[in-house]
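The primary structure of each chain is shown beneath.
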Amino acid sequence: MDIIIIVSIGIVASLLALIVKEQNSSIAFFVVVVTGIIIFLFILQKIAGILLLIEQLGERANVEGLYIKTILKIIGIAYITEFGAHLTRDAGLSAIAAKIELAGKIIIITVAIPILTAVIETIISFMPGG
Amino acid sequence: MLSEAMILFQIAGIGMIVAIIHTVLKQMGKEEIAQFTTLMGFILVLLIVLGKLSELFQQIKSVFLFQG
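The rules we used
Residues numbered from 1 in each chain as written. Chains lettered and ligands numbered in written order. Predicted model: local features only at pLDDT ≥ 70, side-chain atom pairs only at ≥ 80, totals over all residues. Heavy atoms only, no water. Helix = DSSP H or I, 4+ residues; strand = E, 2+ residues; numbered from the N terminus. Rg over C-alpha atoms; globule rule 2.2 N^0.38 Å. Buried < 20%, exposed > 50% of the residue type's maximum accessible area, 1.4 Å probe, protein only. Areas by Shrake-Rupley, 256 points an atom, 1.4 Å probe, with all protein chains shown as cover. Axes fitted to C-alpha atoms, helices over the stretch in contact; angles between N-to-C directions. Parallel < 35°, antiparallel > 145°, perpendicular 65-115°, else oblique. Left-handed = near helix turned anticlockwise from the far one by under 90°. Contact = heavy atoms within 4.5 Å. Nonpolar A, V, L, I, M, F, W, Y, C, P; charged D, E, K, R; others polar. Salt bridge = Lys/Arg side-chain N within 4 Å of Asp/Glu carboxyl O. UniProt positions renumbered as here; feature names shortened; annotations may be inferred. Expected span 1.5 Å × (residues − 1). Domains from an automatic or database assignment. Buried area = accessible area lost by both parts, 1.4 Å probe. Polar contact = N/O pair within 3.5 Å; in protein donor to acceptor, adjacent residues only side chain to side chain. Core = buried A, V, L, I, M, F, W, Y, C linked by side-chain atoms within 4.5 Å.

Regarding the overall build of chain B
- Each helix and strand in chain B was counted, giving two helices and zero strands.
- In terms of overall size, chain B is more extended than a compact globule, its C-alpha atoms giving a radius of gyration of 17 Å where 68 residues would be expected to give roughly 11 Å.
- Based on the C-alpha atoms only, the size of chain B along its principal axes is roughly 55 × 30 × 10 Å.
- Taken over 68 residues, chain B has a buried fraction of 32%.

So, in structure tokens, the structure goes:
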């Protein structure tokens, strides 16, 4: 019944944010931030279990550890980027949110460079006379 | 989980109390002190939120294998 807990926390937080916003809008934003953090922390424990399963499957399938680690890192960067971008967009700063998303994409590409080079090298080795 | 949710009520409570103190001080004609209380309430909440945020980032780092 985790979903009921999360949904009720979200509803309570939105009510609190609405009430506080009339008096003190900056603290209402903090309420929103803390709600995001609490829900994220709650979800993170479940994600850890899923990632453990993925790692074990990868080991059993003899996938190279570097690749799985890179993929996990990319997923982590994507989650953090999304979190930050949504928070900044909620605060009304969509320009900064767009920049955060851009930075996330570029950092993901930088992290994925080893995989990209491996793919390109494999393709080149397939080419005749390459 | 419940203790986590208590932080929400804590922050909302701080916000309301600070707003009330602000209004009272403003009625008394002490404009600067009212501004100062609002700032202090903001900093107090900021400290709580920063603690939670660093906890979240530590968890993300440990879950998603960020060593470097």
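Observations concerning the overall build of chain A
- Helix and strand counts for chain A stand at five helices and zero strands.
- Along the chain direction, N to C, the helices and strands of chain A fall in the order α-α-α-α-α.
- Since a compact globule built from 130 residues should have a radius of gyration of about 14 Å, the 20 Å found for chain A marks it as more spread out than a globular shape.
- The principal-axis extents of the C-alpha atoms in chain A amount to approximately 70 × 35 × 15 Å.
- Looking at chain A residue by residue over its 130 residues, the buried ones come to 29%.
- Accessible surface, chain A as shown: approximately 8200 Å² in total, 71% of it carbon and sulfur.

Observations concerning the packing of helix α2 (residues 25-60) of chain A against helix α2 (residues 31-63) of chain B
- Taken N-terminus to C-terminus, the directions of α2(A) and α2(B) make an angle of 15°; their axes are 10 Å apart at the nearest point. Our classification of the angle between α2(A) and α2(B) gives roughly parallel. Crossing hand, α2(A) versus α2(B): left-handed. Taken together, the residues of α2(B) that come into contact with α2(A) (itself represented by S26(A), I27(A), F30(A), V33(A), V34(A), I37(A), F40(A), L41(A), L44(A), I47(A), A48(A) and L51(A)) are G41(B), F42(B), V45(B), L46(B), V49(B), K52(B), L53(B), E55(B), L56(B), Q59(B), I60(B) and V63(B).
- A class-by-class count of the residues in the contact of α2(A) with α2(B) yields 19 nonpolar, three polar and two charged.

Quick look at the interface of chain A and chain B
- Contacts between the two partners involve 35 residues from chain A, matched on the other side by 29 residues from chain B.
- At the junction of chain A with chain B, the criterion picks out zero salt bridges.
- Residue contributions to the side of chain A that touches chain B peak at 17 residues, all from α2(A).

A few points about the UniProt feature "transmembrane region" (unreviewed entry) in chain A
Residues and elements named next belong to chain A.
- Feature annotation in UniProt assigns "transmembrane region" (unreviewed entry) to the following positions: residues 27-54, 66-86 and 106-127.
- As annotated, residues 27-54 has a helix share of 100% and a strand share of 0%, and its two end C-alpha atoms lie 40 Å apart.
- End C-alpha to end C-alpha, residues 106-127 measures 29 Å, and it is 91% helix and 0% strand.

Let's talk about helix α3 (residues 65-90) of chain A
- An ideal rise of 1.5 Å per residue puts 38 Å on 26 residues; α3(A) measures up with 38 Å between its terminal C-alpha atoms.
- Among the residues making up α3(A), those that are buried are I68(A), T70(A), L72(A), I74(A), G76(A), I77(A), T81(A), F83(A), A85(A), L87(A) and T88(A).
- Buried residues along α3(A) sit in contact with α2, α4 (94-111) and α5 (113-126) of chain A together with α2 of chain B.
- Directly beyond the C-terminal end of α3(A), a positive phi value near 90° is found at G92(A).

Structural notes on the domain arrangement of chain A
Residue and element names in this part refer to chain A.
- Each assigned domain of chain A is listed with its residue range as follows: domain 1 (1-61) and domain 2 (63-129).
- Summed over both sides, the interface between domain 1 and domain 2 buries roughly 900 Å², with carbon and sulfur atoms accounting for 85% of that surface.
- Linking domain 1 with domain 2 are zero salt bridges, by the criterion used here.
- Applying the counting criterion to the domain 1 and domain 2 interface returns two residue pairs in polar contact (both at pLDDT 80 or more).
- Split by residue class, the side of domain 1 that touches domain 2 holds nine nonpolar, two polar and one charged.

Notes on the nonpolar core
- Residues L8(B) and I11(B) are the most contacted members of the largest nonpolar core, which totals 35 residues.
- Elements that contribute at least two residues to this core include exactly α1 (2-23), α2 and α3 of chain A together with α1 (2-27) and α2 of chain B.
- In contact with I11(B), other than residues within four places in its own chain, are I27(A), F30(A), V31(A), V34(A), V45(B) and V49(B).

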